[in-house]
Amino acid sequence: MTELILKSQLPLDGRSLNYPGITIEEITDQSLVSIAVPIDGAAELNAALQSAYGTERPAVGKCTNGSMDNAIFLGLSQDQFFIMFDDAKLNDKGGDPAALIRDSIGHAAYVVDQSDGWVMTRVSGDSCRAALERICPIDLHPAMFSTGNVARTVMEHLATIIVCQAPDTYILLSPRSSANSFLHALDTSAKNVA
Amino acid sequence: MDNSSQPQRLTGGMVDRKQALEFQFNGKSFTGHPGDTLASALLANGQRLVGRSFKYHRPRGIFTSGSEEPNALVQFRSGASHEPNTRATTTELYDGLTATSQNHRGSLNFDLMAVNDYISPMLSAGFYYKTFMWPKAFWEKVYEPIIRNAAGLGRLASEPDPDTYDKGFLHCDVLIIGGGPAGLSAALTAARSGARVILGDEDFEFGGRLLAETYEVDGKLGSEWVANAITELSAMDNVRIMRRTTIYGAYDHGIYGALERKTDHLASSGGKPRQVLWRIYSKRAILCAGSIERSIAFGNNDRPGVMLAGAVRSYVNRWAVTPGKKVAVFTNNDDGWRTAKDLADKGVDVTAIIDTRRDTSFEAPRDTKRVLGAHVVNTTGRLGLQSITLSDGQTILADCLAVSGGWNPNVHLTCHQRGRPVWSDTLAAFTPGSELPTGMIVAGAANGTLTLGQTLREAHEVAATVALDLGHIRSTGSPSTADDEPSAITAFWHVGESRNRAWVDLQNDVTTKDVKQSHQEGFRSVEHLKRYTTLGMATDQGKTANLLGLAIMAECTDQSIADTGTTIFRPPYTPVPIGALGGRARGKDFRPTRLTPSHEWAKAQGAIFIETGAWLRAQWFPKSGETHWRQSVDREVIQTRQSVGVCDVTTLGKIDVQGRDAAEFLNKIYANAFGKLQVGRVRYGLMLREDGIAMDDGTTARMSEHHFVMTTTTANAVPVFRHMEFCRQCLWPDLDVHLISTTEQWAQFAIAGPNSRKLLEHVVDDGVDLSNEAFPFMGCAEITVCGGVRARLFRISFSGELAFEIAVPARYGNSMMDVLMTAGKPYNVVPYGTEALGVMRIEKGHAAGNELSGQTTARDLGMGRMVSKKKDSIGSTLSERPELNRDDGYTLVGFVPVDRSKKLTSGAHFVAKNVAPTTANDQGYMTSVAFSPSLGHSIGLGFIERGADRTGDIVQAVNLLANEAVDVEVVSPHFYDPQGGRLRD
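Residues numbered from 1 in each chain as written. Chains lettered and ligands numbered in written order. Predicted model: local features only at pLDDT ≥ 70, side-chain atom pairs only at ≥ 80, totals over all residues.

Turning our eyes to something else, we now look at the overall build of chain B. On a plain count of helices and strands, chain B comes out with 22 helices and 50 strands. Rg of the C-alpha trace for chain B: 38 Å, well past the compact-globule value of 30 Å for 985 residues, more than 25% over. A buried classification covers 56% of the 985 residues belonging to chain B. Taking as baseline every contact in chain B between residues at least 6 positions apart, the subset at least 24 positions apart corresponds to 67%. (Helix = DSSP H or I, 4+ residues; strand = E, 2+ residues; numbered from the N terminus. Rg over C-alpha atoms; globule rule 2.2 N^0.38 Å. Buried ≥ 20, exposed ≤ 12 C-beta atoms within 10 Å, placed from the backbone. Contact = placed C-beta atoms within 7 Å.)

Counting from both sides, the interface comprises 46 residues of chain B and, opposite them, 41 residues of chain A. Residue assignment for the side of chain B that touches chain A shows that the elements contributing at least two residues are β8 (165–177), β31 (594–595), β35 (653–658), β39 (738–741), β42 (789–794), β43 (803–809) and α20 (813–824) of chain B. A per-class count over the side of chain B that touches chain A returns 17 nonpolar, 15 polar and 14 charged. (Nonpolar A, V, L, I, M, F, W, Y, C, P; charged D, E, K, R; others polar.)

With that settled, consider the pairing of strand β7 (residues 110–113) of chain A. All names here are of chain A. By the alternation rule, side chains of β7 split into Y110 and V112 and V111 and D113, which are all buried. The pairing of strand β3 (residues 30–36) with β7 spans 4 bridges and is antiparallel. Following the sheet pairing, I35 is matched in β7 by V111. (Pairing = 2+ DSSP bridges.)

Take the domain arrangement of chain A next. All names here are of chain A. Per the domain assignment, the segments of chain A are domain 1 (16–27 + 117–193) and domain 2 (30–113). Computed from C-alpha coordinates alone, the two centres of domain 1 and domain 2 are separated by 23 Å. The interface of domain 1 with domain 2 comprises 10 residues on the first partner and 8 residues on the second. Secondary structure elements with two or more residues in the side of domain 1 that touches domain 2: β8 (118–124), β9 (150–155) and β10 (158–166). Looking at the side of domain 1 that touches domain 2, the element that brings in the most residues is β9, giving 3 residues. Residues of the side of domain 1 that touches domain 2, tallied by class, amount to 7 nonpolar, 2 polar and 1 charged. (Domains from an automatic or database assignment.)

On to the domain arrangement of chain B, then. Domain assignment breaks chain B into domain 1 (1–159), domain 2 (165–291 + 409–469), domain 3 (295–405), domain 4 (609–651 + 745–844), domain 5 (654–742 + 860–869) and domain 6 (886–984). The C-alpha-based centres of domain 3 of chain B and domain 5 of chain B are spaced at 81 Å.

Residue and element names in this part refer to chain B. Tracing the sequence through the fold places K513 in helix α10 (residues 512–520). We classify K513 as partly exposed; it has 18 C-beta atoms within 10 Å. Not counting residues within four places of it along the chain, the set of residues in contact with K513 comprises S124 and R501.

All names here are of chain B. Over its 15 residues, helix α18 (residues 717–731) runs 20 Å from end to end, which matches the ideal 21 Å to within 8%, given 1.5 Å per residue. Here α18 has its buried residues at A717, V720, M724 and R728. Seen end-on, α18 carries its buried residues on one side only, within an arc spanning 75 degrees. Turned more than 90 degrees away from the buried face of α18, the exposed residues are R722, F726 and C730. Contact partners of the buried residues in α18: β35, α17 (662–669), β37 (694–704), β38 (707–712) and β39. (Expected span 1.5 Å × (residues − 1). Arc of directions from axis to C-beta.)

Residues and elements named next belong to chain A. If you trace the 5 strands from one edge of the open sheet to the other, you get β4-β5-β6-β3-β7, paired in antiparallel fashion. Both outer strands of the open sheet, β4 (63–65) and β7, are each paired with one neighbouring strand and no more. Recorded for the sheet is a direction-independent mean angle of 25 degrees between the axes of neighbouring strands. Packing against the sheet, helix α2 (residues 97–105) makes contact with β3, β6 (80–86) and β7, and its axis sits at approximately 155 degrees to β7. (Axes fitted to C-alpha atoms, helices over the stretch in contact; angles between N-to-C directions.)

Our focus in this paragraph is the sheet that holds strand β23 (residues 395–397) of chain B. Strands in a sheet are paired, the pairing made by backbone hydrogen bonds, and the direction either parallel or antiparallel. All names here are of chain B. On the basis of which strands lie adjacent, the open sheet formed by 3 strands has the order β21-β22-β23 and antiparallel pairing. Each having just a single partner strand, β21 (376–380) and β23 make up the two edges of the open sheet. Taking the axes of each pair of neighbouring strands and ignoring which way they run, one obtains an average angle of 25 degrees across the sheet. Relative to strand β22 (residues 387–390), β21 runs antiparallel, the two sharing 4 bridges. Residue pairing across strands places T379 opposite I388, the latter belonging to β22.

Attention now goes to the environment of C128 of chain A. Residues and elements named next belong to chain A. Checked against the element boundaries, C128 lands in helix α3 (residues 128–132). With 24 C-beta atoms counted inside 10 Å, the residue C128 sits in the buried group. For the pair C128 and I24, spaced 104 residues apart in sequence, the C-alpha separation works out to 8.9 Å. Each residue touching C128, except ones within four places of it in the same chain, is listed here: I22, V123, D168 and Y170.

All right, on to helix α4 (residues 138–150) of chain B then. Residues and elements named next belong to chain B. Between its terminal C-alpha atoms α4 stretches 17 Å, which fits the 18 Å expected from 13 residues at 1.5 Å a residue. At E144, α4 shows its maximal kink, close to 35 degrees; a proline, P145, follows between one and four residues later. Burial analysis of α4 places just 0 of its 13 residues in the buried class, a small minority of the element. (Bend = angle between axes of the 7 residues up to and from the residue.)

Here we come to the confidence of the model for chain B. In this model, chain B carries an average pLDDT of 95, and 99% of its residues clear a pLDDT of 70 or more. The ipTM value of the predicted complex is 0.97, and its pTM value is 0.94. (pLDDT = per-residue confidence, 0-100.)

Looking now at the pairing of β43 of chain B. Residues and elements named next belong to chain B. Judged by how many residues are buried, β43 sits mostly within the fold: 7 of 7 residues are covered. Taken together, the 7 bridges between strand β40 (residues 746–752) and β43 define a ladder with antiparallel strand orientation. For A747, the partnering residue across the bridge sits in β43 and is V808. Note: β42 against β43, 3 bridges, orientation antiparallel. Within β43, the position partnered with F794 by the bridge is E805.

Further remarks concern unusual backbone geometry. Residue and element names in this part refer to chain B. Residues P571 and P572 are joined by a peptide bond in cis, for which omega reads 0 degrees. You will see that N85, though not glycine, has its phi angle at about 55 degrees, which is positive. Structurally, N85 can be placed in strand β6 (residues 83–87). Given 20 C-beta atoms within 10 Å, N85 falls into the buried group. Located in the positive-phi region is N828, a residue other than glycine, with phi close to 55 degrees. Structurally, N828 is set in the loop between α20 and β44 (830–831).

A word on the packing of α10 of chain B against helix α11 (residues 526–533) of chain B. Residue and element names in this part refer to chain B. Look at α10 against α11: their axes get within 10 Å of each other, and the N-to-C directions meet at 120 degrees. Here α10 is positioned oblique relative to α11, judged by the angle of their axes. α10 and α11 meet at a crossing whose hand is right-handed. Two secondary-structure elements touch here, α10 through D514, V515 and S518 and α11 through L529, Y532 and T533. The residue inventory of the contact of α10 with α11, partitioned by class, reads 3 nonpolar, 2 polar and 1 charged. (Parallel < 35°, antiparallel > 145°, perpendicular 65-115°, else oblique. Left-handed = near helix turned anticlockwise from the far one by under 90°.)

Encoded structure:
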């Protein structure tokens, strides 16, 4: 038995930044898993999701909420979506979020852990849309992108998934390796408008 | 009139007299008020001379009151913030503003370069082409530097721009371009319908010409109606009002470029971006850009004090400034008469009004000479207008001449997608053509609707139609009403009887004589006229000049203006600073940086990093005492080969492939077979492009029956993923296969060297058997490490040593590096970077990016037999093309210098010994070289004709760039452990 200990590190070390009307914070307590729908397996998967989470798989561009673990399902493409959920049930060491989802929905889908692949941030506040306007090419006006909408886009050359969680509250996911550049882009935008 | 500090200031206007603003022009202090532009404040202080002209260095003053200004270009601010060619007419005054005049040597009043004006006969259109032809060698070294020094407008600041800039994205249903009467009328209507509206105007006050005139709208003074409209629009949450914002270009699909000047009107930017460049996505755009007045060409019509009549009314009515104490008016239309009236109403002495028409019935103000059917033929006053001479011989005293040659609809943005304006005889002007940018509708003066009442109505109707079209059915009310002012015009372009030079394009110093000369010399098409004379090619794009030039050319060719045609406009409408186009992408912000999971650890070790795409990877880890990179790299290689080394290889692409048909899918993607790969085993795979050329290579591990993990090269991680998605979605949609990138999810480390197994035994949890029997070469497994952390272990080797790659969730990546170093301490473990990685793979003879260059085939790479013929796969068929299978084709082989002390160079070409290094003699090229610490000399990999049969041949490796040739011997590409015993142990 090894004596060596592995320490876990968040992409942004849990940093948060505050400006008048804008808060940028790293989401530190959620896991992310991709779920792919097998060919001819949509009905079975829907049934599994219904029984485990009380919801069906989300349409592309939409989110649905699950009944446990504060789960949000993000509809990203026709045969693939993400689930974001509280990781409280996972032990810190090696807890496998994909296995947890597999436990919930059986083998109705192909699941892949994505929790460490993305930096998860939340940008909120009265002025957050003004800040995001500087880097987000998609229209965030509530008439166009309201609570429960999700989109894949690009901000400052970085792939980004954006979710409107609540009015003036957005979840932004971007690749982990460029987390610092992503934070810098958000930070600069906030500073420029705050 | 306030005669104290601002002698030309009148009463009224839209300036805040309660507050005085100090500013400096050419080092001299002046005062103005909030609401002033630099131009209005200079005029208020009696400063008529503000600059020198481009070519002849003629004294020039303020000609207009807007962004069309050709003359009053100044250098704005000072030091690093200094900006040349800034229009004084649009520069908002603030306390402490500094500006200087430009384009003169010596003082503004006494410019040494004004000698050009005296030798002007030599400097007419085309003089460069004719004068500086001989001797040819003089052009670059002698003529051009002199001309460049003499010409030009302002000078750039030599220091880096201290300001920041930003960009952004906006979206709307209706974009309204211009906030004058038409724009406001359209905005009110569109906004009341419920549509999302963006209203942009380049000015710092909305209202356009309504601020410059004394018209009434809905029974109220125009400026009051404007204020009410803005109040109403500001209160609506579906409206975004953008002051100081120029919509400068119309692009595809209803996208517009806009420049918002955020802090140019403030003494300091306060750390915020100075300007923001917006990309506006609109469903419809209503162009309400108004119209621009044009001049009349007559002798010496460029003196300070000669201004457009509409500008004179702007200064008098909006800014309460008279541009002169004795003002004369020269007009060919009804507008000129309004100028005289407005001036007289403010108590300014109007000395004469000269109308080119004989039959007008307008009355002149009292004490104003009324001259009909006459022309101004000349003017006097070197540094500022003193008098004008009329065609009937009389001289009239005037320090300001207001000229009106009629109004041109501002069609600029209608041309941005090659729309051509059409001529209107009634208006004596070009109006928007029928081919407008998608979604654009033009309203008001820009559409040729030149009177106020009609403009308000038309803009309302256009906006109501647009709103309805977009599904907004809320009532929009009725339009505001106003009288239609007299606007009759009889076209008149230039005074033929003038003997003196008459300017057409003030900014580029083009005169009527230049246009005539262009005609005489055969440059008669409008496009040739433009290029030969430079008419309209200055920073103002000839907004006040183009039509005059065309009209004169039409006269010369005895054609109508409609037949003569017009040049068109391109974006930007007004100049956009390069800084704004760059936005925040400056220095390190140019692009994002990707960091490996162990970046922090490597940084703490003092690693030298290299950019590989967006990634920063550790290239080597110098130790104290090492003074050359080779020392570090050689040490890393030797220590790895002798004991064990660790390298972060996370950057390699990882693609998770799952599905019932995953194996079949991989069989089609890879040239070699994957269908029967056992669970728990890894296989090297080579994928081809459709055309049979090698695309990428890597290993793919079968984690379970329906689950594979593929690795790609770092550079091809994205292209391979994209290729596979295309295949999955478009080629074989019936296969049950699903992909997702896990490159970022897993931190992966190569542990290489004879002691790698021993090292890993300290890390893996109990029960993980790493023995050769339990976990042989090309094995893979899901395991746990360090007391339960899930990990993936692969027994693969890029170095040629006994080696493993271990992956842990990225959150543990940095710590994992530490753990591996700690576990490896007893074995003298070494971290190695990309350089040692490269050396070891060259020693081992593995192909990498240099060899997979997009020009090489499996056969070239010595892997022809891997292309399975038992199944179909992408590129398999086309790899059989005869040209790709020539007997004399390239093969990848190794090279060693005959004289082992010589260094090899990547990119060198092979030619036979004693043969000239020419293309005809070329036999191939070197792709990768390294100094091999294992062998003690330089080695290389490369492609050479018939390579497989040439072991032992000696050829030259020629590097023409350094003019050197090294004799090299053809050897096996596997320099190190060719039997592969080390990696299988």
